[in-house]
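Structure assessment
Okay, here's what each chain looks like letter by letter:
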Amino acid sequence: MPMKSDSILSKNGVSYLIPFILITSCFALWGFANDITNPMVKAFSKIFRMSVAEGALVQVAFYGGYFAMAFPAAIFIRKYSYKAGVLLGLGLYAVGAFLFFPAKLTGEYFPFLIAYFVLTCGLSILETSCNPYILSMGPEDSATRRLNLAQSFNPMGSLLGMYVAMNFIQNKLNPLDSAERAQLSPEQFEAIKNYDLDVLIAPYLIIGLVILLMLIVIRCVKMPKNGDSVKNVHFAVTLKRIFGIRHYREGVIAQFFYIGAQIMCWTFIIQYGTRVFMEQGMGEQAAEVLSQKYNIAAMIFFCCSRFICTFLLRYLNPGKLLMILASVAGVLTLGVIFIDGIAGLYCLVAVSGCMSLMFPTIYGIALDGMGEDAKFGAAGLIMAILGGSVLPPLQAAIIDMGTVFGMAAVNVSFFIPFICFVVVTAYGSRTSSLKA
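First, a word on scope: everything that follows refers to the structure included in this document. (Residues numbered from 1 in each chain as written. Predicted model: local features only at pLDDT ≥ 70, side-chain atom pairs only at ≥ 80, totals over all residues. Heavy atoms only, no water.)

A short note on the state of the cysteines
- One pass over the structure, following the stated rule, counts zero disulfides.
- As a non-bridged cysteine, Cys303 has Cys304 as the owner of its nearest cysteine sulfur, 5.7 Å distant.
- When its relative accessible area of 9% is taken as the criterion, Cys303 is described as buried. (Disulfide = S-S within 2.5 Å. Buried < 20%, exposed > 50% of the residue type's maximum accessible area, 1.4 Å probe, protein only.)

Things to note about unusual backbone geometry
- Of note, the phi angle at Arg49 is positive, near 55 degrees, even though the residue is not glycine.
- With respect to the element layout, Arg49 can be found in the loop between α2 (40-47) and α3 (52-55). (Helix = DSSP H or I, 4+ residues; strand = E, 2+ residues; numbered from the N terminus.)

Considerations on the nonpolar core
- Ranked by internal contacts, the top residues of the largest apolar core, which has 145 residues, are Phe44, Tyr93 and Met358.
- Look past the residues within four positions of Phe44 in its chain and what remains in contact with it is Arg49, Met50, Val58, Tyr109, Phe112, Tyr116, Leu197 and Leu200. (Core = buried A, V, L, I, M, F, W, Y, C linked by side-chain atoms within 4.5 Å. Contact = heavy atoms within 4.5 Å.)

Considerations on the side chain of His247
- Its place among the elements puts His247 in helix α13 (residues 246-267).
- We classify His247 as buried; its relative accessible area is 15%.

Remarks on the environment of Phe153
- Along the chain, Phe153 turns up in the loop between α8 (143-151) and α9 (154-170).
- In the structure, Phe153 is positioned 126 residues away from Phe27 in sequence and 6.4 Å away in space, judged by C-alpha atoms.
- In this structure, Phe153 is in contact with Thr24 and Ala28, ignoring residues within four places of it in sequence.

What to know about a nonpolar patch on the surface
- A contiguous nonpolar patch, built from Leu17, Ile18 and Ile21 and spanning about 270 Å² of accessible area, is present on the exposed surface.
- As for its position among the elements, Ile18 is in helix α1 (residues 17-37).
- Given the relative accessible area of 51%, Ile18 is considered exposed. (Patch = residues over 30% accessible without salt bridge, like charges linked within 9 Å, V, L, I, M, F, W, Y side chains within 5 Å. Areas by Shrake-Rupley, 256 points an atom, 1.4 Å probe, with all protein chains shown as cover. Salt bridge = Lys/Arg side-chain N within 4 Å of Asp/Glu carboxyl O.)

Remarks on the packing of aromatic side chains
- This model, assessed by the stated rule, comprises 28 aromatic pairs.
- Considering the side-chain rings of Tyr82 and Tyr133, the 4.9 Å spacing of their centres and the 25 degrees angle between planes classify their relative orientation as stacked. Of this pair, Tyr82 sits in helix α5 (residues 82-98) while Tyr133 sits in helix α7 (residues 110-136), placing them 51 residues apart in sequence.
- For Tyr82, a relative accessible area of 5% puts it in the buried group.
- Residue class for Tyr133 comes out buried when judged on its relative accessible area of 0%. (Phe/Tyr/Trp six-rings, centres within 6.5 Å; stacked < 30°, edge-to-face > 60°.)

What is shown is where atoms sit, not what they do.
Here it is as structure tokens:
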């Protein structure tokens, strides 16, 4: 009997369709967590009467969790399985979400940072498991295209996160702006803070329940055991081996800067747009909500572009396409800096269309040909998400300056994402000969 031909989701006659659908659903779930969180920098700054830099500690805690758990996750997955890693990741994700309730009861900012850290320890394990798992679900020559397809569903979760943040958090917070909140008496401040925190935690508690349900479904479904045969862990030896590979080592660096750029563009679009609309005479809360609509438009552009780029990868070299889009992103970022007003905001929205290809393509190129080492290689690339923790506070510190060289500081701050796109462009150029 002739063997069925391979396709993007089958190998040696084995179909991976159902496992692919379930694991791809996890991409949407961590997309939700990422993009309900970005607007919370501004929300926490208002609720606790803090600076933008202090509010950006949300991103430090959020992406710090990715950094802290990536290699422990790889060791766990290597010893057990991809499925075990997915289940553990979902479990910590749910625990972190539920921790928002006791954090609210304290009325303090720091416990929320702990909740975010626990939640993203779960996301780190989840991403360290899911990305290479998807790469293994079919022929190696279509691995990058398969990962781009799975990652196409990540922005759908992101869009939902943005929608929930706008309609169920930002729109429902007390309408007092930052200046008015600064004038409140301690009693008034506490009352409004408690009300706002009740609003803020509700979506996190609901997503915690959804994650638990997803955990139960995946636990009950038989999943493939691709790459689960090697149990011995030689941590130092493996690290030395994988970081000796140039396209992997440079991929980790490129991913660090890409993630930083992505988080900065999606977090500080709120500050950028709020300044633009308030200069037009709009109130602060209305300007924030309208800015979030532009953020949603950016994510829609990102989502559509992801599918287009997945199609283009059938015909174009991944490194070359990465180089082209990163170059265009850099030019658009210069527009964000030097073109004031609504046109600069349009440039910032357009950057998202260029970013859509970057994470999965850097990921696929970096792990090309690594085989079983992909489990540890994946951990290094997830640790690179630390860029989302390190770089946004630098941009926030610039924004807090108000003006720099006679220009609005929020505009000048986008020089940091510009530098990030230069690094990604260089990586695309250096890897354009690879066939990932």
